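One-letter residues, chain by chain:
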Amino acid sequence: MSAFLEVRDLTVTFRVGSALKARLRGEPPPDLTAVDGISFTAERGESIGIVGESGCGKSTLAKAITGLVPVASGSLHLDGNPLTARRDPATMRRIQMVFQDPSSSLNPSLTIERMLSELLNVHRIVPRDAIADRCGELMELVELPRSLLKSRPGRLSGGQRQRVGIARALALEPEVLIADEAVAALDVSVQAPVLNLLNSLREDLGLTLMFISHDLAVVRYVSDRVIVMYLGRAVEDRSTAELFDDPRHPYTRALMAAAPKFGVKKAPGESALKGEPPSALKLPSGCRFRPRCPIAEEICEQTEPDLAGPSPIQRAACHFAWDGHEVRS
Amino acid sequence: MTKRLLEVEDLRITLQAGSGTITPVDGVNLALGRGEALGIAGESGSGKSLTLKSIIGLLPQGAQVEGNLRFALGDESPIPYTSTDVHGRGISIIFQEPMTALNPTMRVGDLIAEGPRIHEGLSKTAARERAVELMRQVGIPAPERRAKMWPHQLSGGLRQRVMIATALSTRPKLLLCDEPTTALDVSIQDQILGLLQEIRINLGMSIIFVSHDLAVLGELCDRLAIMYAGQIVETGPTDDVFTKPNHPYTEALMTSVPSFDATSVKLAGIEGHPPDPRSFPPGCRFSPRCRYAREDCTEADFELVATDADRSSACIHTEVFAEGGR
């Protein structure tokens, strides 16, 4: 039996310079590998958090799954059917995305009603005469008053706009909802209601939710399972409870130590993680976290560790992650 | 309390907005001791950044400032000042966006050297040496080489370090921080907070740190001031405010972000959204969103009242809140 969403060896590359110049110099084409061989599976209704710092490829991964950027190699399957770069509208409909900045991802010149009815019309979700009703239902679903249907995004507050962004995604009745930093641009006091809304929508509609964020605390709040990414690779893939109790990858541990906590004073000059991530164009040999890793040894320089562990959702890409455990990849 | 460095009394900032005027900062009082770190917390539109910028005289054009600002340039007590008195001499500021706050047409070393050249009359070479020394102090690797680079060639974290070096170049007594870590990754934010703590202790500097993130403020600040809709609604020592908030807004802020340590308790959040400065609600401005609000809240005059030694709150029903709260 295959999983609901299956991502296998997914790689996404971007051309970053002149290919002609590189060829004249006899160098390989200047490609940046944003997502480098990521594999995971998700069950229907599961909530997966993807965590990492800027440039780790988490948004690119989301866009590749949604079909917004072309995949260089690897495969994607939804419900056993392959997802290719060119998708028909019926397939496109099944995976929808909520973007980070609702003020730039909504068309400012359309009223909310136009925006939603256009989607419903093009994808023929409901008969034409039921479109107005459905728009109202969608607004109720995201806990907005129907009266806002007549306004344009500019009139709404940030929290309301993000709810419209969610309504827009839900209009197509997706099975997978990908939220890319959906609350990062919101004020702290309005983040919580949006997170609660995502949680309840997932339960009520049985959505598979992929929640992408740089914030471990937010991810912990909405996800059953967390994938930690570093420089295009998944370095740890665990259930949320296990990950936060007992992180196995030194990068995950450092990220947790770096997160500000209530009532803990900062020691002068101290930091959990020294330096900055290397450029994805000049990756270090062996494990890519090695130059910043506090426990790196010789083997880390020579071989890149696989994402492996005792079970498919207990995996970490570190040579020392499962010392004393039986490991299969 | 230690000797005073800065006093802000009844600060009121008025801006032209469209056809009318708005008062995004409305009656703010602050006092800062030497070597103290004060955190101002608030959401967007609360007036926290404007308060900070008024201290160094960087308000947008057309802003009307009322109230008294006093700063101690020497060892005496704080005296009234104008922004030219403190520019490059007593107060420096660092901003949120290291991408836009650095002049893109100047090499990093020249940017840092500019302050000492203008304000201390250092020669070009001496100022350049000071720049490299400062870059080393703020933890920039290979400072000699990096001093010749342009801002766009540096990463976000390094740019923020350059901005800190620029701020330190004139040996300020007070460093104003306007959300300097908000645009950075967690691990870089952690490094910058460690650096600021180090600078503050080693140089005996005072800091006012503005952020929407209470946990970040807690890592650095001795005291907190919570701002809502242009007013300070609560002040107190950081630990006391965290363990027992004295204003419903503070409590709501604390329970609306998922805590890193706690497992999922349902987040409360706050109903509604922050008020528009064009139409602040009457009476207590938080009352329309407050879960403890009573009828008289909409009529109450704003007053920040001392609740304990060293603490104050603007809530007129602290007793109800304390019972209904925790």
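Check the entry above for the structure.
A brief structural summary. All residue numbers here refer to positions counted from 1 along the written sequence of the relevant chain. Working convention: letters from A go to chains and numbers from 1 go to ligands, in the order in which they are written. Given that the model is predicted, a residue must reach a pLDDT of at least 70 before its local features are reported, and side-chain atom pairs must reach 80 or more before they are shown or counted; all residues, however, enter totals for whole chains, interfaces and linings. As a convention, hydrogens and water are excluded, and side-chain values are obtained from all of the structure's heavy atoms.

A closer look at the overall build of chain B
Here comes step 1: A tally of regular secondary structure across chain B gives eleven helices and twelve strands.
Here comes step 2: At 21 Å, chain B has a C-alpha radius of gyration in line with the 20 Å of a compact globule built from 326 residues.
Here comes step 3: Its C-alpha atoms give chain B principal-axis dimensions of roughly 65 × 45 × 45 Å.
Here comes step 4: To sort residues, take the accessible area from a 1.4 Å probe on protein chains only and compare it with the maximum for the residue type: under 20% means buried, over 50% means exposed, and anything in between is partly exposed. Sorting the 326 residues of chain B into buried and exposed places 55% on the buried side.
Here comes step 5: The criterion used for residue contact is that any of the two residues' heavy atoms lie within 4.5 Å. Intrachain contacts of chain B at a sequence separation of at least 6 include 65% that bridge at least 24 residues.
Here comes step 6: Calculation of accessible area relied on Shrake-Rupley with a 1.4 Å probe; when residues are assessed, cover is drawn exclusively from the protein chains displayed. Accessible surface computed for chain B: about 14,000 Å², of which carbon and sulfur atoms make up 49%.
Here comes step 7: Counting 32 positive and 41 negative side-chain charges, chain B places the averaged centre of each group 9 Å from the other. In DSSP terms, a helix is any run of H or I states spanning at least four residues, a strand is any run of E spanning at least two, and both are numbered starting from the N terminus. Just to be clear, the radius of gyration here is over C-alpha atoms, and the globule rule we use is 2.2 Å times residues to the power 0.38. Charged residues are defined here as Lys and Arg on the positive side and Asp and Glu on the negative side; His and the ends of the chain fall outside this count. Every charge is mapped onto a representative atom, which is NZ of Lys, CZ of Arg, CG of Asp or CD of Glu.

Remarks on the sheet that holds strand 6 (residues 95-98) of chain A
Pairing between sheet strands relies on hydrogen bonds along the backbone, with the strands arranged either parallel or antiparallel.
All names here are of chain A.
Here comes step 1: Strand order in the open sheet formed by eight strands is 6-7-8-3-9-10-12-11, and the pairing between neighbours is mixed. Sheet topology places strand 6 and strand 11 (308-311) at the edges, where each strand pairs with a single neighbour. Pairwise comparison of adjacent strand axes, ignoring direction, gives a mean angle of 20 degrees for this sheet.
Here comes step 2: Strand direction decides the pairing type here: strand 6 and strand 7 (residues 176-180), joined by four bridges, are parallel. Counterpart to Q96 in the pairing with strand 7 is L177.
Here comes step 3: Axis lines are fitted to C-alpha atoms, over the contacting stretch for helices. Their N-to-C directions set the angle, which ranges from 0 to 180 degrees. Those strands touched by helix 8 (residues 188-205) are strand 3 (47-51), strand 7 and strand 8 (208-213), and its axis lies near 155 degrees from that of strand 8.
Here comes step 4: Lying over the sheet, helix 11 (residues 250-258) contacts strand 3, strand 9 (225-230) and strand 10 (233-239), oriented at roughly 100 degrees with respect to strand 9. What makes two strands pair is DSSP finding at least two bridges between them.

Let's talk about the interface of chain A and chain B
Here comes step 1: Listed by partner, the interface residues are 43 residues for chain A and 49 residues for chain B.
Here comes step 2: In short, buried area is how much 1.4 Å probe accessible area vanishes from two parts on joining, totalled over both. Interface area lost by chain A to chain B is led by V188(A), F262(A) and K266(A), which between them contribute 19%.
Here comes step 3: Salt bridge, as used here, is a side-chain nitrogen of Lys or Arg placed within 4 Å of a carboxyl oxygen of Asp or Glu. There are one salt bridge connecting chain A and chain B.
Here comes step 4: Of the charged contacts in the structure, one is a salt bridge between K266(A) and D190(B), with a shortest N-O distance of 2.8 Å.

Regarding the pattern of salt bridges
Here comes step 1: Per the stated rule, a full pass over the model turns up 44 salt bridges over all chains.
Here comes step 2: The salt bridge involving E6(A) is made with R8(A); its shortest N-O contact spans 2.5 Å.
Here comes step 3: E6(A) gets classed as buried once you look at its relative accessible area, which sits at 16%.
Here comes step 4: The partly exposed category is assigned to R8(A), whose relative accessible area is 43%.
Here comes step 5: Between E144(B) and R136(B) there is a salt bridge, with the nearest N and O atoms lying 2.8 Å from each other.
Here comes step 6: Bridged by salt links that share partners, the residues D36(A), R233(A), R288(A) and E304(A) form one connected network.

Observations regarding helix 7 (residues 158-170) of chain A
Residues and elements named next belong to chain A.
Here comes step 1: Expected helix span is taken as 1.5 Å per residue step, with the number of steps being one fewer than the number of residues. Helix length check: helix 7, at 13 residues, gives a terminal C-alpha distance of 18 Å against a target of 18 Å (1.5 Å per residue), a fit within 8%.
Here comes step 2: Counting buried positions along helix 7 yields twelve of 13 residues, so the element is predominantly enclosed.
Here comes step 3: Buried within helix 7 are the following residues: G159, Q160, R161, Q162, R163, V164, G165, I166, A167, R168, A169 and L170.
Here comes step 4: In this structure, the buried residues of helix 7 make contact with strand 6, helix 4 (102-105), helix 5 (112-122), helix 6 (131-141), strand 7 and helix 8.

A few points about a nonpolar patch on the surface
Here comes step 1: The patches reported here contain residues having more than 30% relative accessible area and no salt bridge. Joining distances are 9 Å for like charges and 5 Å for nonpolar side chains (Val, Leu, Ile, Met, Phe, Trp, Tyr). On the surface, F14(A), V16(A) and L281(A) cluster together into a nonpolar patch covering about 250 Å² of accessible area.
Here comes step 2: Looking at where F14(A) falls in the secondary structure, it is placed in strand 1 (residues 5-15).

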